[in-house]
Amino acid sequence: MSLTLAIAFGHLKRRKRQTFVSLLGVALGVGFFIAIAALMRGFQTYFVQQVIDVAPHVVMKDEFRSPALQPAEIAFAGGAVAIRGVRPREAVRGIREAGAKIEAIEAIPGVAVAPVLLGPALFRYGARDVAVSLAGIDPGRERRVTNIEKDMTAGRLEDLRATANGVIVGIGVAQRLGATVGDSVIAVAPSGVATSFRIVGLIETGVTALDEREAYVLLRLAQVILDRPNVINQIRIRLDDVRQAEPLARRLEAAFGYRTESWEESNRNVLALFVIQNAIMFSVVGAILLVAAFGIYTIISQVVHEKARDIAILKSIGFRARDIQAIFLVEGAIVGLAGAVVGWAVGYGLIEALAQVRFQSAGGPLRGREGFILARELWTYLAGGGFALVAAMAATLIPARKASRLNPVDIVRGAV
Amino acid sequence: MTALIAVENVTRTLPGPQPVVLVREVSLAVGPGEFVAITGPSGSGKSSLLYLLGLLDRPSEGRVLLNGRDTARMSDDALAAARLSRLGFVFQFHFLLPEFTALDNVLLPMRRLGQLSETEQHERARGLLEALGLADAAAKYPDQLSGGMRQRVAIARALANDPAVLLADEPTGNLDTKNASAVFDIFAALAGSGGRSVVVVTHDQDLAARASRRIRLVDGRVADDSAG
């Protein structure tokens, strides 16, 4: 063992209880960090996974982010041109030349594409009316883009094709209508056209807002009911590599002009929430470690005070100022490291304890889960240990510098 | 012959609103094999002079020479290195590290210097303890030793790196007459053989009489310097 280590250990051994208490402070900080991080990250990754699973990764809509420029604005770019009261031109809404676009997007490797026509409709069953968002889909393509098949609690996606005028509705829609599979409902389009549909399947995504609004029919049928022949207004895209969603969305928007949203953009509010969650987590853990750091500061300061004579003799023997400083920094590092290691055990134990907790979740995106979702990630251990070490070393720095500056002559004079 | 360590016209003043002069214009050279006793009433600057000789303190004026070389321009680290390899200190209080055994305390300077192998260090440390009659105390901690034994361990530690000069500040201040006499016997033996110099600060005239050279300080000045 090196001399510095030997002296440092000697000092800490003499103050076993205090060393143990500050070590425990560090350990609790690290342990809670690991456990809380596992809890939060677990939920966040699960949530993101759900979002990624349920929804398409990229959606191109028949909208534009900013209104089209007027000729005068183009002609006098940057000039003092102001045009007011511009109304959108009467035109057939929808994505133009959708077929060509779908083909172009499909040519990108690792990408699946599905065309969709979304429109409002009213479902009527007996005396009940439920407003739905009617989605015309191509079942063969849709199943590659969204999780629709996995979420079906009754019927199959193919039944849309097999049954004339078949419709798959969200479980909430069915409940509100009081209808179930096999029942015929009337769909009324904004144009007033009424068509009879037979419910062939039910969907439960776990997101109430979706389950109470969704209805799926064949694309061709939707175009007829909504009176928009050959029109689609959404192109849904799924990628093999989710991380490519945002860059692809930007590329497509730049190429085609239509508003194209990645799942990150669509869920920006939730992702922002996660950032706040993480900030809270880091603040809490930072506070625990800060308290632990004060504990370390106190013991090292006391050791420095108590060991003034030892410091004097070490200096008179020929230890340099930085040798003395190193001794106390090593003491801080020992407490930090040992605290981190114990903290790893505490964190691991807490995670396993949390994993034993069983409860029934009320529904929503956590439907079907019976306990906490825990992310067991190596980086939390490394980060927790790193924080602890830095906090411990920082807390030791001031007393260590003080020790290194002690003048042996002053101490020897005072000791006599 | 160059003095191992020498001061030339050194003055040491403690700064403050009313500066205190500890040592006034003292010149002193310690040659090889000399056994010097510095005596004087308390407050006469004996210890302060020793700290200057021992490179623990820097003078306010004058020069401190180590083997003829001015130490004023040497860095603190260089002075620490010089203390480590050339000088050994013994204080009134033993200053043994309480967490270490007697053997480990003696090993401390050798481990810091790192010139000998671990086996050689242990051999030398045991040899020193044996020479000072502490063969059985090697594995004991300071609080298990008597005052006289502790001071002898401290002397062994001061000798660990075979210093050219051993400096002792009231080394017998906390010892009874018998132990004090034994310590002085050790110093006399060290100075007598092998050309090692010993500088001892003491207020005990009887013990000082056994030194080969006696310097008496009064009010920070050399009042008397006599050999024999």
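The rules we used
- Residues numbered from 1 in each chain as written.
- Chains lettered and ligands numbered in written order.
- Predicted model: local features only at pLDDT ≥ 70, side-chain atom pairs only at ≥ 80, totals over all residues.
- Helix = DSSP H or I, 4+ residues; strand = E, 2+ residues; numbered from the N terminus.
- Rg over C-alpha atoms; globule rule 2.2 N^0.38 Å.
- Buried ≥ 20, exposed ≤ 12 C-beta atoms within 10 Å, placed from the backbone.
- Contact = placed C-beta atoms within 7 Å.
- Expected span 1.5 Å × (residues − 1).
- Arc of directions from axis to C-beta.
- pLDDT = per-residue confidence, 0-100.
- Pairing = 2+ DSSP bridges.
- Core = buried A, V, L, I, M, F, W, Y, C linked by C-beta atoms within 7 Å.
- Nonpolar A, V, L, I, M, F, W, Y, C, P; charged D, E, K, R; others polar.
- Axes fitted to C-alpha atoms, helices over the stretch in contact; angles between N-to-C directions.

### Observations concerning the overall build of chain B
A count of helices and strands for chain B gives seven helices and ten strands. Whereas a compact globule of 228 residues would reach a radius of gyration of roughly 17 Å, chain B reaches 17 Å, a difference of no more than 12%. Its C-alpha atoms give chain B principal-axis dimensions of about 50 × 40 × 40 Å. Of all 228 residues assigned to chain B, the portion counted as buried reaches 49%. Taking the intrachain contacts of chain B between residues at least 6 apart in sequence as the baseline, contacts between residues at least 24 apart amount to 70%.

### Quick notes on helix α1 (residues 3-14) of chain A
Residue and element names in this part refer to chain A. Here α1 contains twelve residues, and its C-alpha end-to-end distance of 17 Å stays within 8% of the 16 Å for a straight helix at 1.5 Å per residue. Those residues of α1 that sit buried are Ile7, Ala8, His11 and Leu12. Looking straight down α1, one finds that the buried residues subtend no more than 135 degrees of arc, so they occupy a single side. Where the residues of α1 are buried, they touch α2 (16-54), α12 (268-306) and α14 (321-356).

### Describing the environment of A:Ser301
For A:Ser301, the location among the structural elements is in helix α12. When the C-alpha atoms of A:Ser301 and A:Ala403 are compared, they prove to be 8.8 Å apart, with 102 residues separating the residues in sequence.

### Considering the confidence of the model for chain B
Any region with low pLDDT has predicted coordinates that should not be read closely. Looking at chain B, pLDDT values average 88 and 99% of them are 70 or higher. The complex prediction reports pTM at 0.71, with the ipTM value standing at 0.88.

### Some thoughts on the pairing of strand β9 (residues 234-239) of chain A
Residues and elements named next belong to chain A. Counting buried residues along β9, six of its six residues qualify, which places the element largely inside the surrounding structure. Both faces of β9 are covered, namely the face carrying Gln234, Arg236 and Arg238 and the face carrying Ile235, Ile237 and Leu239. Pairing geometry for strand β1 (residues 58-61) and β9, over four bridges, is antiparallel. Bridged to Lys61 within β9 is Gln234.

### A few points about helix α5 (residues 147-158) of chain B
Residues and elements named next belong to chain B. A rise of 1.5 Å per residue sets the reference length of α5, with its twelve residues, at 16 Å; its end C-alpha atoms lie 17 Å apart and thus fit the reference within 8%. For α5, the complete set of buried residues consists of Met149, Arg150, Gln151, Arg152, Val153, Ala154, Ile155, Ala156, Arg157 and Ala158. Contacts made by the buried residues of α5 are with β6 (87-90), α3 (102-113), α4 (118-131), β7 (165-169) and α6 (177-192).

### A short note on the nonpolar core
One finds B:Val106, B:Leu129, B:Ala156 and B:Val199 to be the most contacted residues of the largest nonpolar core, which totals 129 residues. Counting residues per element, this core draws most heavily on α2(A), which supplies twelve residues. Here B:Val199 is in contact with B:Val30, B:Val36, B:Ile38, B:Leu50, B:Leu53, B:Val165 and B:Leu167, once residues within four sequence places are set aside.

### Remarks on unusual backbone geometry
Positive phi outside glycine occurs at A:Asp227, with the angle close to 60 degrees. Inspection of the secondary structure puts A:Asp227 in the loop between α9 (219-225) and β9. Using a count of 13 C-beta atoms within 10 Å as the deciding quantity, one classes A:Asp227 as partly exposed. Its identity as a non-glycine residue notwithstanding, B:Asn67 has a phi of 50 degrees, on the positive side.

### Concerning the interface of chain A and chain B
Where the parts come together, the accessible area they lose is often given as the size of the interface. Counting from both sides, the interface comprises 20 residues of chain A and, opposite them, 22 residues of chain B. At the level of elements, α1, α13 (308-317) and α16 (408-415) of chain A are the ones that each hand at least two residues to the side of chain A that touches chain B. Top element by residues in the side of chain A that touches chain B is α13(A). It accounts for six residues. Residue composition of the side of chain A that touches chain B, by class: eleven nonpolar, four polar and five charged.

### Quick notes on the sheet that holds strand β8 (residues 197-201) of chain B
The strands making up a sheet are joined through hydrogen bonds of the backbone, oriented either antiparallel or parallel. All names here are of chain B. Strand order in the open sheet formed by six strands is β6-β7-β8-β3-β9-β10, and the pairing between neighbours is mixed. The sheet terminates laterally at β6 and β10 (221-227), the two strands that pair on one side only. Each neighbouring strand pair of the sheet contributes to a mean axis angle of 15 degrees, computed without reference to strand direction. Packing against the sheet, α6 makes contact with β3 (35-39), β7 and β8, and its axis sits at approximately 150 degrees to β8.

### Describing the sheet that holds strand β1 (residues 5-14) of chain B
All names here are of chain B. If you walk across this open sheet you meet the four strands as β2-β1-β4-β5, and the pairing is antiparallel. Two strands in the sheet have a free side with no partner beyond their single neighbour: β2 (20-30) and β5 (69-70). Here strand β4 (residues 61-66) runs beside β5; their pairing, made up of two bridges, is antiparallel. Considered in β5, the bridge of Leu66 is made with Arg69.

### Digging into the pairing of β1(B)
Residues and elements named next belong to chain B. In the sheet, β1 pairs with β2 via seven bridges, with the strands oriented antiparallel. Across the sheet, the residue bridging to Val10 is Val26, located in β2. Count of turn residues in the β1/β2 antiparallel hairpin: five residues, of which Gly16 carries a positive phi of about 155 degrees. In this sheet, β4 lies alongside β1 in antiparallel orientation, the contact comprising five bridges. Looking across to β4, one finds that Glu8 is bridged to Arg63.

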